[in-house]
Amino acid sequence: MSLYSCETNVKVAFIRDGYVWIKVDGHEEKITDKKAMYNYPPQWSFDGKILLYQKEAPALFNENQSRLGVIASRFFRARS
């Protein structure tokens, strides 16, 4: 018997095989549809409602470029 009982709403975002994934309450979901290079790990907003990620974009004029992605957390929910 445990002295502590807690319910958690764990949300994790990570890069796997060139895609951004999230894990919410044990359920994993791929949230990007195209493989890309990511220079930084995805980050949640302080309130956990928005996920921000940055990926490399095809360069125009031989310059390094990147694209910024923002996803509101209402679009991904743990499935029952």
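See the structure shown above.
Caption draft 1: Quick peek at the overall build of the chain. A tally of helices and strands in the chain yields zero helices and six strands. In sequence order, the secondary structure elements of the chain are arranged as β-β-β-β-β-β. Within the chain, the proportion of its 80 residues that are buried is 26%. Put simply, of all contacts in the chain between residues at least 6 apart along the chain, 22% involve residues at least 24 apart. Surface summary for the chain: the accessible area is close to 6700 Å², and the carbon and sulfur share equals 51%.

Caption draft 2: Inspection of the nonpolar core at higher detail. Residues A13, V20, I22, V24, I31, A36, Y38, L51 and Y53 constitute the largest nonpolar core, which totals nine residues. Breaking this core down by element, the ones donating at least two residues are β2 (19-24) and β5 (50-57). Of all the elements, β2 adds the most residues to this core, at three residues.

Caption draft 3: How the structure looks around the sheet that holds strand β3 (residues 27-30). Taken together, the three strands give an open sheet; going across it, the order is β1-β2-β3, and neighbouring strands pair in antiparallel fashion. Both outer strands of the open sheet, β1 (11-16) and β3, are each paired with one neighbouring strand and no more. When strand polarity is set aside, the average angle formed by the axes of neighbouring strands in this sheet is 25°. Bridging between β1 and β2 involves six bridges; their strand directions are antiparallel. Bridge assignment links I15 to a residue of β2, and that residue is V20.

Caption draft 4: Quick look at the packing of aromatic side chains. Counted according to the given criterion, the structure contains one aromatic pair. Summarising the aromatic geometry, the rings of Y38 and Y53 are spaced 6.1 Å apart at their centres and angled 65° between planes, so their arrangement reads as edge-to-face. In this pair, Y38 sits in the loop between β3 and β4 (43-44) while Y53 sits in strand β5, placing the two residues 15 residues apart along the sequence. For Y53, a relative accessible area of 12% corresponds to the buried category. Between K30 and the ring centre of Y19, over which it is positioned, the NZ or CZ distance is 4.3 Å.

Caption draft 5: A look at the environment of E28. Tracing the sequence through the fold places E28 in strand β3. Under the relative-accessibility criterion, E28 is labelled partly exposed at 31%. For the pair E28 and K11, spaced 17 residues apart in the sequence, the C-alpha separation amounts to 9.8 Å. Leaving out residues up to four positions away in the same chain, E28 has contacts with F14, R16, W21, I22 and K23.

Reading guide: rules and limits
Residues numbered from 1 in each chain as written. Predicted model: local features only at pLDDT ≥ 70, side-chain atom pairs only at ≥ 80, totals over all residues. Heavy atoms only, no water. Helix = DSSP H or I, 4+ residues; strand = E, 2+ residues; numbered from the N terminus. Buried < 20%, exposed > 50% of the residue type's maximum accessible area, 1.4 Å probe, protein only. Contact = heavy atoms within 4.5 Å. Areas by Shrake-Rupley, 256 points an atom, 1.4 Å probe, with all protein chains shown as cover. Core = buried A, V, L, I, M, F, W, Y, C linked by side-chain atoms within 4.5 Å. Pairing = 2+ DSSP bridges. Axes fitted to C-alpha atoms, helices over the stretch in contact; angles between N-to-C directions. Phe/Tyr/Trp six-rings, centres within 6.5 Å; stacked < 30°, edge-to-face > 60°. Lys NZ or Arg CZ within 6 Å of the ring centre and 35° of its normal.

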